[in-house]
Amino acid sequence: MPPHNLSISTPTESNLGRRDLHPKIDRADRLFRYLMYAASGVSVAILLLMGWIITEQAMPALKQFGLGFLVSREWNVPDLQFGALPLIYGTLGSGLISLLFAIPVGLAVAIVTSEELLPHWLRSIIAFTIELLAAIPSVIFGLWGFYTFIPLILPVQQFLFAKFGTVVPLFSTEPSGSGLLTAGILLGIMILPTLAAVSREVLLVVPGYLRTGSMALGATRWETIFRVVLPKAFSGIVGGVMLALGRALGETMAVTMVIGNAENISPSVFSPAYSIPAILANTFAEAQEEVHIGALTYLVLILFTITLLVNIGALALVRLVERQEKS
């Protein structure tokens, strides 16, 4: 008499179907994995190809000026003497000012539109309105900045110069409307939709139980936002900031119209300046000499390198914060 706990399993249609399906799933997984490897390889190849072509075109200036090009202040086209320091200063200065404006405003918009601080319909209207700014072409921002924003900000600049010009170096130049500060604020308005939209999406995917658990332990809503939600979303917010900064560093037309286009370095944010994209837009088509073209392409290589270093630094910062959270 066979024991009662002995069971003989026979293949069923579901088992056979599952057994036949596994090889198909494995093949699809491998195919998808190979496609992702190929896409990643193509992206890296394009990046390396761009770097190689830019370096090759910049070789005349690289041979003539070397690394001294990075610290030279002279930009004299008739004498074929070129230096990148004022242009690097204008590019980084306007980008930094744009972040100082866009980060607090963008995070405020992201918090207001992702947390239950306002009615849902009002949050949707605010988010949609901010995101609409991303669809406006940069040349329209430039025209708006030249005809509307400069007359609005000029009285403020004149007041700061009159009150603090002799004390604070940042306000030591008599303002004309155009300048580094104007370009930086205009860039901040332009990158605001990108930063706010990315930060909002990151905050929305933070698990709800973290919020409820924090408030159940006695934390207020604002303590929960600043001590729980924002630290959890830190890596995504940094990604949004870097994406916005990439647009700010590469913006051309809007900056060209309001930055003043002067190759100088001044501690005053009211002084006119020049950025790498702006000088490329203004002078690249007119460049004739090989050294002049090489110097402009050298600027492209510098901007390319700055963008890569900023992204590498952001990635290292995110990894450092994640490691500290785990330890």
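Starting afresh in each chain, residues are numbered from 1 along the sequence in its written order. For a predicted model such as this one, the threshold for reporting local features is a pLDDT of at least 70, and the threshold for listing and counting side-chain atom pairs is 80 or more; totals across whole chains, interfaces and linings nevertheless cover every residue. Side-chain numbers come from the whole structure's heavy atoms, not from hydrogens or water.

**Re the overall build of the protein**
Note the following rule: Secondary structure elements follow DSSP: runs of H or I no shorter than four residues count as helices, runs of E no shorter than two count as strands, and numbering proceeds from the N terminus. Here the radius of gyration uses the C-alpha set of atoms, whereas the globule reference equals 2.2 Å times the residue count to the power 0.38. Classification of residues uses two cut-offs on accessible area relative to the type maximum, computed with a 1.4 Å probe and protein chains only: under 20% is buried, over 50% is exposed, and between them is partly exposed. Any two residues whose heavy atoms approach within 4.5 Å at even a single point are treated as in contact. We count Lys and Arg on the positive side and Asp and Glu on the negative side, and we leave His and both chain ends out. The atom standing in for a charge is NZ when the residue is Lys, CZ when it is Arg, CG when it is Asp and CD when it is Glu.
Tallying secondary structure elements over the protein gives twelve helices and two strands in all. Secondary structure of the protein in N-to-C order comes out as α-α-β-β-α-α-α-α-α-α-α-α-α-α. Its C-alpha radius of gyration of 27 Å places the protein more than 25% over the 20 Å reference for a compact globule of 327 residues. Put simply, the protein has 327 residues, and 38% of those count as buried. Taking the contacts inside the protein whose residues are at least 6 apart along the sequence as the reference set, 72% of them involve residues at least 24 apart. Of the side-chain charges in the protein, 19 are positive and 20 negative, and the distance between the mean point of each set is 14 Å.

**Looking at the side chain of Arg 211**
Just so we agree on the cut-off: Here a polar contact is taken to be a pair of N or O atoms separated by no more than 3.5 Å, where protein atoms must pair a possible hydrogen donor with a possible acceptor and residues adjacent in sequence count only if both atoms sit in side chains.
Relative to the assigned elements, Arg 211 resides in helix α7 (residues 208-216). Of note is the side chain of Arg 211, whose polar atom sits 2.9 Å from the side chain of Glu 115. In this structure the side chain of Arg 211 is engaged in a polar contact, spanning 3.0 Å, whose partner is the backbone oxygen of Val 206. With residues near it in sequence (within four places) discarded, Arg 211 still touches Glu 115, Leu 203, Val 206, Thr 224 and Val 229.

**Topic: the nonpolar core**
Note the cut-off: The definition of a nonpolar core used throughout is a set of buried Ala, Val, Leu, Ile, Met, Phe, Trp, Tyr and Cys residues joined through side-chain atoms within 4.5 Å.
By size, the foremost hydrophobic cluster in this structure holds 71 residues, and its most contacted members are Phe 69, Trp 75, Ile 276, Leu 299 and Ile 302. Considering every element that reaches this core, the biggest residue donor is helix α6 (residues 180-204), with twelve residues.

**Focus: the pattern of salt bridges**
Worth spelling out the cut-off: What counts as a salt bridge is simple: a side-chain nitrogen of Lys or Arg found within 4 Å of a carboxyl oxygen of Asp or Glu.
For the structure shown, the criterion picks out three salt bridges. In this structure, Arg 247 and Glu 251 form a salt bridge, with 3.9 Å as the shortest nitrogen-oxygen distance. By relative accessible area, which is 26% here, Arg 247 ends up partly exposed. Taking relative accessible area as the criterion, Glu 251 reaches 8% and is therefore assigned buried.

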